[in-house]
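Inside the fold
Each chain, letter by letter, is given below.
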Amino acid sequence: MSPSPSTEPVVLSADRRALDEFWSAHRRHQLIGLRTSGTTTGNGRIIVRTTDSWVDSFPPTARICALTSADTVWIPGPMGATMNLFAACLAQHTGARWTVDDPRSATVWQLTPARLTKVLDAGLPGSDRLRGVIVAGDGLSPVVRDRARAAGLAVTHYYGAAELSMIAMGSCRDDLELFDRVEVSIRSGHIWVRSPWLSRGYLHPHPRGSLRVDPDGFATVGDHGELDGLHLTVTGRDGAVTTAGQTVLLAPLLARLQPLAHGDVFLVGSPREGVGEVLTAVVTEAGDLPVLRRWARAHLEGADRPRRWLCVPDPPLTEAGKIDIGVLGRDSLSRHSSDGRPLGRHDLGRHDLGRSTLDGSRE
């Protein structure tokens, strides 16, 4: 049994240095701090956990993924994303190699569902080595899973959260089963988890942080779901949009945008095949669009910057008279773009995550 870790966490870098920092902290039995994708909103959270809460989960994870020391894992993406850092540390613990920029040398790829869809659309590179893919960061549809299998890949999918780590594994979102030593309780539709893999919470008090912990050691980040025996179905999360495998908390972002606008501002997730959701900013006054977009280009990065900008002067209401955010998100594709044009299929064709908005302007 490892000694109790020191109480002052080592906050890991958001690049490759994080791996050496992780293993150094592990040897010294130090707590670590993991940055989350919300840091670019100015309300970022740093999640504190023991290194054992990851390392002790590596053997069962490697077993389920059939990962061995003979493998090379392709992990495209920054080490500042917890799922990528977890994958790199898992590979090192297993004795496998890992690479960021050489997919052709890899036997296993770790991808988000959106990235997997893109590589399947483009066609897999010719390789006698590639045998499987580990998919995480968002729910993997059985359709994309079946496409990957038809291309000759073994598929492992897992569901977790930065605060809770590994929760369930399967081949897609429809067949997830609880991971080793994980207990789940469904309360008012929310997923509560108890396991050795949980974090210690946030480094600093965070009123908008999604993590809640009860006296019995169960924790939730607000995800909704259903449990049938060991089979877990995840149905969504309160107050967040998941886009290309990254979760964006909406409240901290809206708190920065709304004071800049004359009218109302809403943030919604617009359905988008292969990406999950596109973060969409909706305003009620057209004059707010250029102001907010200029500010967003200068101050927001990555998943935190809306990729679609719409003006909806008369947003839909619920029976209680409140703005119906769910309908606004679902109907946004049939509404108008920032220059007043109806959004059509030609707009979707110009969409490229990270570079442009659906109305053709550069971000």
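The rules behind these values
Residues numbered from 1 in each chain as written. Predicted model: local features only at pLDDT ≥ 70, side-chain atom pairs only at ≥ 80, totals over all residues. Heavy atoms only, no water. Helix = DSSP H or I, 4+ residues; strand = E, 2+ residues; numbered from the N terminus. Buried < 20%, exposed > 50% of the residue type's maximum accessible area, 1.4 Å probe, protein only. Contact = heavy atoms within 4.5 Å. Areas by Shrake-Rupley, 256 points an atom, 1.4 Å probe, with all protein chains shown as cover. Axes fitted to C-alpha atoms, helices over the stretch in contact; angles between N-to-C directions. Parallel < 35°, antiparallel > 145°, perpendicular 65-115°, else oblique. Left-handed = near helix turned anticlockwise from the far one by under 90°. Nonpolar A, V, L, I, M, F, W, Y, C, P; charged D, E, K, R; others polar. Expected span 1.5 Å × (residues − 1). Arc of directions from axis to C-beta. Phe/Tyr/Trp six-rings, centres within 6.5 Å; stacked < 30°, edge-to-face > 60°. Lys NZ or Arg CZ within 6 Å of the ring centre and 35° of its normal. pLDDT = per-residue confidence, 0-100.

Thoughts on the overall build of the protein chain
Within the protein chain, the secondary structure is distributed over ten helices and 22 strands. Taking all 363 residues of the protein chain together, the buried fraction comes to 50%. Long-range contacts, defined here as pairs at least 24 residues apart, represent 58% of the contacts in the protein chain between residues at least 6 apart. In the form shown here, the protein chain has an accessible surface area of approximately 16500 Å², with 50% of it arising from carbon and sulfur atoms.

Some details on the packing of helix H1 (residues 17–27) against helix H4 (residues 82–94)
For the pair H1 and H4, interaxial distance at closest approach is 10 Å and the crossing angle is 60°. It follows that H1 is oblique to H4 by the angle criterion. Along this stretch, H1 crosses H4, giving a crossing that reads as right-handed. When H1 is examined against H4, the residues Ala-18, Leu-19, Phe-22 and Trp-23 are found in contact with a partner set consisting of Leu-85, Ala-88, Cys-89, Gln-92 and His-93. In terms of residue class, the contact of H1 with H4 is built from seven nonpolar, two polar and no charged.

Regarding unusual backbone geometry
One non-glycine residue, Ser-165, lies in positive phi territory at about 60°. The topology assignment puts Ser-165 in strand E9 (residues 165–170). Under the relative-accessibility criterion, Ser-165 is labelled buried at 8%. Positive phi, normally seen in glycine, also occurs at Arg-181, with a value near 65°. Position of Arg-181 relative to the elements: it lies in the loop between strand E10 (177–178) and strand E11 (183–187). Judged by its relative accessible area of 60%, Arg-181 falls in the exposed class.

Examining helix H8 (residues 288–299)
Since the α-helix turns once every 3.6 residues, residues separated by three or four places project in the same direction. Under the 1.5 Å per step criterion, the end-to-end length of H8 is 16 Å for twelve residues, consistent within 8% with the ideal 16 Å. Among the residues of H8, those classed as buried are Asp-288, Leu-289, Leu-292, Arg-293, Trp-295 and Ala-296. Take H8 and look down its axis: the buried residues cluster within an arc of 165°, on one side only.

A closer look at the packing of aromatic side chains
Counting across every chain of the model gives seven aromatic pairs. Taking the centre distance of 5.0 Å and the plane angle of 90° together, the rings of Phe-22 and Trp-23 count as edge-to-face. Across the pair, exposure class does not vary: Phe-22 and Trp-23 are buried alike. Positioned above the aromatic ring of Trp-192 is the side chain of Arg-187, whose terminal nitrogen or guanidinium carbon lies 4.8 Å from the ring centre.

A word on the environment of Glu-277
Structurally, Glu-277 is set in strand E21 (residues 276–283). Sequence separation of Glu-277 and Val-241 is 36 residues, and the distance between their C-alpha atoms is 6.7 Å.

Structural notes on the confidence of the model for the protein chain
Of the residues in the protein chain, 81% have a pLDDT of 70 or more, and the chain-wide mean is 82. In the predicted structure, residues 38–43 sits below a pLDDT of 50 and forms 19 contacts with residues beyond four places in sequence or in another chain. Below pLDDT 50 for its whole length, residues 318–322 participates in four contacts with residues either more than four positions away or in separate chains.

Considerations on the packing of helix H3 (residues 58–65) against H4
At their nearest, the axes of H3 and H4 sit 10 Å apart, and the two run at 90° to each other. In terms of orientation, H3 and H4 fall into the roughly perpendicular class. Of the residues in H4, those in contact with Phe-58, Pro-59, Thr-61 and Ala-62 of H3 are Phe-86, Cys-89, Leu-90, His-93 and Thr-94.

A word on the environment of Gly-302
Along the chain, Gly-302 turns up in the loop between H8 and strand E22 (308–311). In this structure the C-alpha to C-alpha distance between Gly-302 and Val-248, which are 54 residues apart in sequence, comes to 10.0 Å.

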